[in-house]
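Coordinate inspection notes
Here are the chains, one letter per residue:
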Amino acid sequence: MRIASSAAIAIATLSFAMPLSAQDASRTEETSLSDKKIAAPPVAEKREHSYSHHGITISDPYHWLKDQSYPVVDDEDVLEYVKAENAWFEQEMESRKPLVEKLFEELKGRVKEDDSSVPQKDGDWLYWTEVAEGKEYRLWYRQPVAGGDKELLLDENQMAEGKEYHRLGAFSVSKNGRYLAYSFDDNGAERYTARVKDLQTGELLDDVITETRTSLVWTADDTMLVYGKANENWRVDNVRVHTIGTSADQDVQIYTEEDIGFSVSAGLSAQEDWLVISAGDNETNEVRLVRADNPLGEQILIRPREKGIEYSVDLRDGIIFVHTNDDHINFRLATATFESPAEWSTLIEGSDEFYLTDFELFKDFYVTEGRLGGLDQVQIRNYADSAKVTPIAFPEASYTAGLSNNPEYDVSKLRLSYESMVTPDSVYDYDVSGASLELLKQQEIPSGYDASLYTTVRETITVRDGTQVPVSVVMRKDRPEGAGPLHLYAYGAYGYAVSPGFSSSRLSLLDRGMAYAIAHIRGGDDLGRKWYLQGKLNDRTNTFNDFVDVAKGLAAKGYTEEGMISASGGSAGGELMGVVVNTDPDLWKAVVADVPFVDVLSTMLDTSLPLTPGEWPEWGNPIESKQAFAYILSYSPYDQVIAQDYPPMLVTAGLNDPRVTYWEPAKWVAKLRDTKTDRNELLLKTNMGAGHGGKSGRFTSLYEAAEEYAFILSHHGITE
């Protein structure tokens, strides 16, 4: 999935900081300014290149920006161009440095620098993380439930020492509490290395597993780890079993997927007695079970794959629970037996109103999650009586909530997460028998935060085809009446809903008189599965039209005016930005496109790329279908750049990004520079040592958010 992670959609979600100096933050290794001022932005050379499919020939003069040795990027011409763009970015941002520094200090001031998560019980231990003052990364701790000293399990700061990038992947403690299996990525390419630590001695075992991209699952009395290894195209098409104390070369592959579009994952059932192996793409999957105490044993196929049918399973006391869309677009919950695993009996029927997104099994009850009218629902259900439902009541009319970390099967309380656009991230325990919520922790804003100063509303905009699209808006209550500056954000792909959550960073926009809006456009599943399907494949342009019409609708309602709206989106949301600047350039005051998926047609034709085959169900397969080729071509941002005025734009990329490869934004910016007719600002910043999520440290990602805010604010005429 081309889903932007926290740094890539920083404008929407970023809410953490790091207490280092802003001066240090501004350092960019390959992009420091020289003493000599750069007279003009870099101009990429055009080199003749074209490709043809279905009798249609496409000219692609910037194809050379894709290094042919990728994932190694060592072509000097490519690097020279990327570094030149970075230097231009640094120079053009220089005049905004005072605003960037001020924003950075504001963002830092809203973060509790020395913080910890709420401990959670798992077996004989309580587990939690801490962030120490002056540190970039987390410390992982545990303490015996019976009492005793806390124990440091992992120090990510030590792991990241001397490295430009660090990202922790899997973190899995064995059931007996003795071993920790974890994985890490050192360059943003999402190829993780797994290690095993003996928590009794503190020593690392000799076991090393390279190029894994999955969880690490303990099985067979903590003697084996189950995982998936990335192939040469970065796709996980297998499940392997590693025996502790042996070389990874001896690992046994227990499942191999032949469909190049399917990816594979593995996990444990609720009672941890079965290993659940799932293979699928964005619209189809199938599941197998194998005993967790014998992962090399016989596998049970639940139901063979059928195009368009999705299902997931869990087990309790020999009964298989199945979450599936086989007879209703909004999914149902069914049960099956081991004797007839493919015969599913309905437990909870599918509903046009309630979108059933997930379920979780516990010893004495189970939980269903979903959305009703676009708002999150968490429901406690009774095994003996499926009609007995206890919905958890939340205090606000608009919010986002769901199950959090609940590692144990036999519990009487559930850990929940909750927030809204005005309520900071909150952690609750819900007492199941007493039906009561207990607030355990709420995100602290050290510099001060008064929720009563802000207001959030839910608007509905009727778009061009008559569909009503919801929009979440937040602003200060004392914002002057009438049209003012507004920032609009959306994602709109893969059925990924953008919830109306809290962002402490966003306050820097609100406190300067801006309104902030999230458009819940089609392509996400905010209003149910149908909402998602209406924004994919041959209905993809609904997503773009919704965003444009929401912007115009907010202007019509008096929140803003056309031409006073800035916009942002990342990854597939960056594709959205690329389309709307092509179709409606005059609507936007400024646009930020983070790691944007803008060379859609070329990428969907390239089967060597990690995600392409698995994404044909999302975008269409232009290799096999002339219609899909033509339709993607009709909106692909890179291909549709034309000679017209464009709004000011800031574009970001990651040199090691395996999801949206660096050359997509690079080619797009190069073509824009050559084609557009205006003199508006166009900046490209490429992180030279990072991937899809940008820089890994909370400090550096925070500074990047300050830069993006400064870009937006300056184009709204706000300079302080």
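Just above, that's the structure.
Residues numbered from 1 in each chain as written. Predicted model: local features only at pLDDT ≥ 70, side-chain atom pairs only at ≥ 80, totals over all residues. Heavy atoms only, no water.

Glancing now at the pattern of salt bridges. Here the structure, examined in full by the defined rule, presents 48 salt bridges. For E286, the salt bridge goes to R288, with nearest N and O atoms at 2.8 Å. Its salt-bridge partner being K685, residue E707 comes within 2.8 Å of it at the nearest N-O pair. Pair noted here: E707 is in helix α14 (residues 698–715) and K685 is in strand β39 (residues 682–687), with a separation of 22 residues, a long-range link. By the burial criterion, E707 is buried, and K685 matches it. Bridged by salt links that share partners, the residues E257, E286, R288 and R305 form one connected network. (Salt bridge = Lys/Arg side-chain N within 4 Å of Asp/Glu carboxyl O. Helix = DSSP H or I, 4+ residues; strand = E, 2+ residues; numbered from the N terminus. Buried < 20%, exposed > 50% of the residue type's maximum accessible area, 1.4 Å probe, protein only.)

So, on to the sheet that holds strand β17 (residues 274–280). Across the sheet, 4 strands lie side by side as β16-β17-β18-β19; this open sheet has antiparallel pairing. This sheet does not close on itself; its edge strands, each paired only once, are β16 (263–268) and β19 (300–301). (Pairing = 2+ DSSP bridges.)

Taken in spatial order, the 4 strands line up as β28-β29-β30-β31 in an open sheet, and their pairing is antiparallel. A single partner strand is all that each edge strand has here, and the edge strands are β28 (400–403) and β31 (436–442). On average, each strand axis in the sheet is tilted by 25° relative to the strand beside it, whichever way the strands run. Both β28 and strand β29 (residues 413–419) contribute to a ladder of 4 bridges, which runs antiparallel. Looking across to β29, one finds that T400 is bridged to E419. (Axes fitted to C-alpha atoms, helices over the stretch in contact; angles between N-to-C directions.)

Tallied over the full model, the rule gives 27 aromatic pairs. Plain terms: the ring middles of Y70 and W663 are 4.9 Å apart, the flat faces sit at 90° to each other, and that makes the pair edge-to-face. Separated by 593 residues along the polypeptide, Y70 in the loop between β2 (56–59) and α3 (76–93) and W663 in helix α13 (residues 663–675) bring together distant segments of the chain. According to the relative accessible area criterion, Y70 is buried, its value standing at 16%. On the basis of relative accessible area, W663 is assigned to the buried category, the value being 3%. Between the aromatic rings of Y366 and Y383, the centroid separation amounts to 5.2 Å while the plane-to-plane angle is 35°, which identifies the pairing as tilted. Of this pair, Y366 sits in strand β25 (residues 366–372) while Y383 sits in the loop between β26 (375–381) and β27 (389–391), and the two are 17 residues apart along the sequence. Assigned by exposure class, Y366 and Y383 land together as buried. An aromatic cluster of at least three residues, connected via ring pairs, comprises Y70, W234, Y662 and W663. Across from the ring centre of W344, 3.5 Å away, lies the NZ or CZ of R303, which sits over that ring. In this structure, R506 packs its charged tip against the face of Y516, placed 4.4 Å from the ring centre. (Phe/Tyr/Trp six-rings, centres within 6.5 Å; stacked < 30°, edge-to-face > 60°. Lys NZ or Arg CZ within 6 Å of the ring centre and 35° of its normal.)

Attention now goes to the pairing of strand β14 (residues 238–243). Strand direction decides the pairing type here: strand β13 (residues 224–227) and β14, joined by 4 bridges, are antiparallel. By the bridge assignment for β14, V226 is matched with V241. Pairing of β14 with strand β15 (residues 252–256), which is carried by 4 bridges, proceeds in the antiparallel orientation. Across the sheet, R240 pairs through a bridge with Q253, a residue of β15.

Within the fold, A44 resides in the loop between α2 (22–25) and β1 (50–53). By relative accessible area, A44 is classed as buried at 9%. The residues touching A44, leaving out its near neighbours within four places in the chain, are Y62, W64, Y81 and A670. (Contact = heavy atoms within 4.5 Å.)

Of all 7 residues that make up strand β9 (residues 179–185), 7 are buried, and the element is covered over most of its length. Judged by which residues are buried, β9 turns out to be covered on both faces: Y179, A181, S183 and D185 on one side and L180, Y182 and F184 on the other are all buried. Relative to β9, strand β8 (residues 167–173) runs antiparallel, the two being bridged by 5 bridges. Bridge pairing in β9 links V173 to L180. Once β8 ends, the chain turns through 5 residues before running back antiparallel as β9, passing G177 with a positive phi of about 80°. Taken together, the 6 bridges between β9 and strand β10 (residues 192–198) define a ladder with antiparallel strand orientation. Within β10, the position partnered with L180 by the bridge is K197. Turn length for the β9-β10 hairpin, with the two strands adjacent in sequence and antiparallel, is 6 residues, and the turn residue G188 shows positive phi of about 90°.

All right, on to the packing of helix α8 (residues 541–556) against helix α9 (residues 572–583) then. Two elements in contact, α8 and α9, have axes separated by 10 Å at closest approach and are oriented at 65°. Classified by the angle between their axes, α8 and α9 sit roughly perpendicular to one another. For the element pair α8 and α9, the recorded crossing hand is right-handed. Every residue of α9 that contacts α8 at T543, F544, F547 and V548 is listed here: E575, L576, M577, V579, V580 and T583. Looking at the contact of α8 with α9, its residues break down into 7 nonpolar, 2 polar and 1 charged. (Parallel < 35°, antiparallel > 145°, perpendicular 65-115°, else oblique. Left-handed = near helix turned anticlockwise from the far one by under 90°. Nonpolar A, V, L, I, M, F, W, Y, C, P; charged D, E, K, R; others polar.)

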